[in-house]
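# What the coordinates show
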Amino acid sequence: MTTILAIGPHPDDVEGGMGGSILKLVALGYDVHILDLTKQALEDVGLEVLIPEVPKELIDRASTVSQITSWDLVAASQMPEEFDLFVGPPGYSLAQIIRAREHFNSTDDFEAGNHAKVATWVWNNSDVWRDSQLAEEYKALGWPYDLSPTWRWINKRALELSDLVVACSPFVKATHQALVPEANIQIAPWGVDSMRFTPDWEWLAQNPKPLKVLFVGSDVVRKGLPYLLTALEGMEDVEVTMVGSQARVDVTGIKVQNLGMVPNSEMPYLYRRHHVMALPSLEDGIALSIQEGMASGLVPVTSPDTAEVFSRATPLAEAGGAIFRHEDCGFVIGYRDVEGYRRALMWLRDHPEERLMMGRRARALTETQPWDIYRTGFANLIAKLLK
């Protein structure tokens, strides 16, 4: 029997990202195992890990916030009487964090500094940064901006009560520094499965044209799709494939194929049939699709938010609209810089040999970024917190 290992950074990431594919593989007779790297990291430092099990019938599905808070309240009721550490995402864990703090605040050990520690992780930019990038964008389109005041308060309060906040990138850390003291926020970078996402060098070499551009994202406004499509208008020898969105698009002069939602199991092959991974996000945490594309030999063309995968720069200081080539394996374009995206994509279209070399360097870089860097980094931060 073939055994498949599905890897994710946090609880539920694998189930949420490829739950349907896992069920299909199990039905076909495969033996599927899920590796939660956060749980593994906690066990690496000698901790026994309890993950709450909340019955579905106890989750209030009236709204997104009610789903989160009802799950959090039930999970809080399952917390043991004694524990050393609580770990969870801030916006989903406030009741659990408060319960931990109240319980240990009432003990003599709290004054001695022996209370339970709270560690949270953030994989998206702060609400303040998100507002600055998206609120006016949605307003201009006449669309509702969905970040609820309740969610803002929950997330902010949970971060304030955290002893340690673990960010997935320097950019995400930078956007949270107005909310979290510098000493309390650290970085554990995410990785990529470069064994699963691999290039087809022969196909890339034998099919230089048309330039095949891949866009992966469900929120087309947040991911900047309109700016990408505007940049491509009228450009010859270019084809675009969209994944994750049902949005209808009509772009003059280029072929656009919208595949909608694609099973995760089909993504490795899809990456291998494109040259460029384009993601002009207006606001993003860290886009795994950029890393997966690079591992597949694609050249990334993206905004400062997600460029840290291949850039050592501080993107917040470089959002002025210029093009940056980092380590000769990708392009960083300023937010909403239509002309910048157009110039980068035209260059990649017209220089297939250089593009192939950039793809090789992108692949080589991801080989130095396995998922184990997250597991080790998170484990080291937890061990330091508990000293």
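Residues numbered from 1 in each chain as written. Predicted model: local features only at pLDDT ≥ 70, side-chain atom pairs only at ≥ 80, totals over all residues. Heavy atoms only, no water.

Before going further, it helps to spend a moment on the pattern of salt bridges. Pairing between side chains becomes possible if they bear opposite charge and their charged atoms approach one another. Evaluated as defined, the whole model comprises 13 salt bridges. Between E160 and R157 there is a salt bridge, and its shortest N-O distance comes to 3.1 Å. You can see E160 and its partner R157 sitting in helix α7 (residues 149–160), 3 residues apart, about one turn around the helix. Looking at R157, the relative accessible area reads 33%, which means it is partly exposed. A salt bridge links R222 to D284, with the nearest nitrogen and oxygen atoms 3.6 Å apart. Linking R222 in the loop between β7 (211–216) and α10 (225–232) with D284 in the loop between β10 (276–279) and α12 (288–295), this pair joins segments that are 62 residues apart in sequence. The residues R222 and D284 share a single accessibility class, namely buried. One network of salt bridges, in which partners are shared, links R222, K223, E283 and D284. (Salt bridge = Lys/Arg side-chain N within 4 Å of Asp/Glu carboxyl O. Helix = DSSP H or I, 4+ residues; strand = E, 2+ residues; numbered from the N terminus. Buried < 20%, exposed > 50% of the residue type's maximum accessible area, 1.4 Å probe, protein only.)

Two numbers describe a pair of aromatic rings. These are the distance of the centres and the angle of the planes. All told, the structure shown has 9 aromatic pairs when counted by the stated rule. Each ring, one from Y138 and one from W143, has its centre 6.3 Å from the other, and the planes form 65 degrees; the classification is edge-to-face. The class of Y138 is buried, set by a relative accessible area of 8%. The partly exposed category is assigned to W143, whose relative accessible area is 45%. Linked through ring pairs, Y92, W123 and W151 together constitute an aromatic cluster. For R360, the ring lying beneath its charged end belongs to W201, and the centroid distance is 4.4 Å. (Phe/Tyr/Trp six-rings, centres within 6.5 Å; stacked < 30°, edge-to-face > 60°. Lys NZ or Arg CZ within 6 Å of the ring centre and 35° of its normal.)

Along the chain, the position of S303 falls in the loop between β11 (299–302) and β12 (323–325). On the basis of relative accessibility, which here comes to 0%, the residue S303 falls in the buried class. A polar side-chain atom of S303 sits 2.7 Å from the main-chain carbonyl oxygen of S281. Ignoring any residue separated from it by four or fewer positions in sequence, one finds S303 in contact with L279, P280, S281, V332, I333, Y335 and Y341. (Polar contact = N/O pair within 3.5 Å; in protein donor to acceptor, adjacent residues only side chain to side chain. Contact = heavy atoms within 4.5 Å.)

Next up on the list: α10. With 6 of its 8 residues buried, α10 lies for the most part within the structure. Where α10 is concerned, the buried positions are L225, Y227, L228, L229, A231 and L232. Of the surrounding elements, those touching the buried residues of α10 are α6 (127–141), β7, β8 (238–243), β10 and α13 (338–350). Once α10 finishes, G234 follows within two positions and takes phi at roughly 75 degrees, a positive value.

Turning next to unusual backbone geometry. The linkage connecting K209 with the following residue, P210, adopts the cis geometry, with an omega of -5 degrees. As for its position among the elements, P210 is in the loop between α9 (201–206) and β7. For R336, which is not glycine, the phi dihedral falls at a positive 65 degrees. Position of R336 among the secondary structure elements: in the loop between β13 (331–333) and α13.

Quick look at the confidence of the model for the protein chain now. In the predicted model, the protein chain carries a mean pLDDT of 82, and the fraction of residues at 70 or more is 79%. Of all secondary-structure elements in the protein chain, the lowest mean pLDDT belongs to helix α5 (residues 108–111), at 48, while α9 reaches the highest, 97. Every residue in residues 106–112 is under pLDDT 50, and counting partners more than four places away or in other chains gives 5 contacts. In the predicted structure, residues 312–323 sits below a pLDDT of 50 and forms 26 contacts with residues beyond four places in sequence or in another chain. (pLDDT = per-residue confidence, 0-100.)

The strand order β3-β4-β5-β6 describes an open sheet built from 4 strands, whose pairing is parallel. The open sheet terminates on both sides in strands that have one partner only, identified here as β3 (85–88) and β6 (185–187). Strand-to-strand twist in this sheet, taken as the mean axis angle between neighbours without regard to direction, amounts to 25 degrees. Helix α15 (residues 372–386) contacts β3, β4 (117–122), β5 (164–167) and β6 of the sheet and is inclined by roughly 170 degrees relative to β5. (Pairing = 2+ DSSP bridges. Axes fitted to C-alpha atoms, helices over the stretch in contact; angles between N-to-C directions.)

The buried fraction of β4 is high, at 6 of 6 residues. Residues of β4 alternate between two faces, with K117, A119 and W121 on one and V118, T120 and V122 on the opposite face, all of them buried. The pairing of β3 with β4 spans 4 bridges and is classified as parallel. Across the sheet, F86 pairs through a bridge with V118, a residue of β4. Across 4 bridges, the pairing between β4 and β5 is parallel. Counted as the bridge partner of V122 is A167 from β5.

Where a protein is soluble and globular, its nonpolar side chains tend to be buried together. Judged by nonpolar contacts, the single largest core of 49 residues is most densely connected at V213, L214, L232, Y271, V301 and L345. The biggest single contributor to this core is α10, with 6 residues. Among residues more than four places away in sequence, those in contact with L232 are V238, V240, I254, R342 and L345. Judged by nonpolar contacts, the second largest core, of 22 residues, contains A119, V180, I382 and L385. (Core = buried A, V, L, I, M, F, W, Y, C linked by side-chain atoms within 4.5 Å.)

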